[in-house]
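Coordinate analysis (summary)
What follows is the residue order along each chain.
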Amino acid sequence: DTAVSQTPKYLVTQMGNDKSIKCEQNLGHDTMYWYKQDSKKFLKIMFSYNNKELIINETVPNRFSPKSPDKAHLNLHINSLELGDSAVYFCASSQNRGRDTEAFFGQGTRLTVV
Amino acid sequence: QKEVEQNSGPLSVPEGAIASLNCTYSDRVSQSFFWYRQYSGKSPELIMSIYSNGDKEDGRFTAQLNKASQYVSLLIRDSQPSDSATYLCAVGYNKLIFGAGTRLAVHP
């Protein structure tokens, strides 16, 4: 069974479109994240949710809106896509009990904006 | 100053040698330290975690932590070509912050 799964794996779309990426974890973790990995392979945190509550919102444009219907799911909706949004987006989850922030990652979604 | 710094490499070592990967971090309240391995086109995979000063060994991997110097390292003994990947240092306190990664190339 896949622990953290995200769909789709690849997403090619035109500038100005709106798209969503879905993520689900079956690890029973309380915390879920979205990370963006750019062309230089730098992995940068975007959002973090703990039990459906937004706890981290790094300086991400308002065009990006995460939604967590329950603690096992965290989706990412992107409005008015721009060329610079092209990257690999990773969903991750962790238990976050005290200091334990060990995160497990999904397989990634490669977003290409043309 | 970046929160988590790593040398981008590539670090090239011969098969069978020890690969030494280093990482420094800026936030002194950090409590959790991790090393992830990422193969090209794949997702990061956790290989080591360390929480206390000193060394932690797991098979061919040894993680070293020095909180006073804000320094974490990863040693890979008997390096194999299959170890060739990007190694990401991550530091945690309520959120996990990653370094830019060090690319390791192990040549036969």
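Everything that follows concerns the structure shown earlier in this document.
Rules used in this analysis
- Residues numbered from 1 in each chain as written.
- Chains lettered and ligands numbered in written order.
- Predicted model: local features only at pLDDT ≥ 70, side-chain atom pairs only at ≥ 80, totals over all residues.
- Heavy atoms only, no water.
- Core = buried A, V, L, I, M, F, W, Y, C linked by side-chain atoms within 4.5 Å.
- Buried < 20%, exposed > 50% of the residue type's maximum accessible area, 1.4 Å probe, protein only.
- Helix = DSSP H or I, 4+ residues; strand = E, 2+ residues; numbered from the N terminus.
- Contact = heavy atoms within 4.5 Å.
- Phe/Tyr/Trp six-rings, centres within 6.5 Å; stacked < 30°, edge-to-face > 60°.
- Lys NZ or Arg CZ within 6 Å of the ring centre and 35° of its normal.
- Disulfide = S-S within 2.5 Å.
- Pairing = 2+ DSSP bridges.
- Axes fitted to C-alpha atoms, helices over the stretch in contact; angles between N-to-C directions.
- Salt bridge = Lys/Arg side-chain N within 4 Å of Asp/Glu carboxyl O.
- Polar contact = N/O pair within 3.5 Å; in protein donor to acceptor, adjacent residues only side chain to side chain.
- Nonpolar A, V, L, I, M, F, W, Y, C, P; charged D, E, K, R; others polar.

Some details on the nonpolar core
Within the largest apolar cluster, 41 residues are counted, with the highest numbers of intra-cluster contacts made by Y35 and F105 of chain A together with W35, Y36, L74, Y87 and F98 of chain B. Element by element, the count of residues in this core is highest for strand β9 (residues 85–92) of chain B, at six residues. The contacts of Y35 of chain A, once residues within four sequence positions are left out, are L43, K44, I45, M46, V88, Y89, F90, A92 and F105 of chain A together with L96 and F98 of chain B. Grouped together as the second largest cluster of nonpolar side chains are 20 residues, L11, M46, Y49 and L76 of chain A included.

Topic: the packing of aromatic side chains
What describes a pair of aromatic rings is the distance from one ring centre to the other and the angle between the planes of the rings. Following the criterion strictly, the structure yields 11 aromatic pairs over all chains and no others. Residues Y35 of chain A and F105 of chain A carry aromatic rings whose centres are separated by 5.6 Å and whose planes lie at 50 degrees to one another, so their mutual orientation is tilted. A residue pair is termed long-range when its members are at least 10 positions apart, and Y35 of chain A in strand β4 (residues 31–37) and F105 of chain A in strand β10 (residues 103–105) qualify at 70 residues. Under the relative-accessibility criterion, F105 of chain A is labelled buried at 10%. Between F105 of chain A and Y36 of chain B, the ring centres sit 5.7 Å apart and the planes meet at 85 degrees, which makes this aromatic pair edge-to-face. One end of the pair, F105 of chain A, is in strand β10; the other, Y36 of chain B, is in strand β4 (residues 32–38), on a second chain. When its relative accessible area of 0% is taken as the criterion, Y36 of chain B is described as buried. Among the aromatic residues, those joined into a ring-pair cluster are Y33, Y35, F90 and F105 of chain A together with F34, Y36, Y51 and F98 of chain B. Over the ring of F61 of chain B we find R60 of chain B; its NZ or CZ atom is 5.6 Å from the centre of that ring.

Details of the state of the cysteines
This model, assessed by the stated rule, comprises two disulfides over all chains. Disulfide partner of C23 of chain A: C91 of chain A, at an S-S distance of 1.8 Å. Taking the sign of the S-S torsion, -75 degrees for the link of C23 of chain A and C91 of chain A, the bridge is left-handed. One end of the pair, C23 of chain A, is in strand β3 (residues 19–25); the other, C91 of chain A, is in strand β9 (residues 87–94), with 68 residues separating them in the sequence. Each of the two residues, C23 of chain A as well as C91 of chain A, counts as buried. Here C23 of chain B engages in a disulfide with C89 of chain B; their sulfurs sit 2.1 Å apart.

With respect to the sheet that holds strand β1 (residues 4–7) of chain A
Residue and element names in this part refer to chain A. One open sheet holds the four strands; their spatial order is β1-β3-β8-β7, and the pairing between them is antiparallel. Both edges of this open sheet fall to β1 and β7 (64–70), since each of them pairs with a single strand only. Taking each pair of neighbouring strands and ignoring which way they run, the sheet shows an average axis angle of 20 degrees. By the bridge criterion, five bridges tie β7 to strand β8 (residues 73–78) in an arrangement that is antiparallel. Note on β8: the bridge partner recorded for P66 is L76.

Things to note about the interface of chain A and chain B
Contact with chain A, which involves 18 residues of that partner, is made by 20 residues of chain B. Linking chain A with chain B are zero salt bridges, by the criterion used here. The tally of links between chain A and chain B comes to four residue pairs in polar contact (both at pLDDT 80 or more). For the side of chain A that touches chain B, the residue count by class is eight nonpolar, five polar and five charged.

That's the geometry; what it means functionally is another story.
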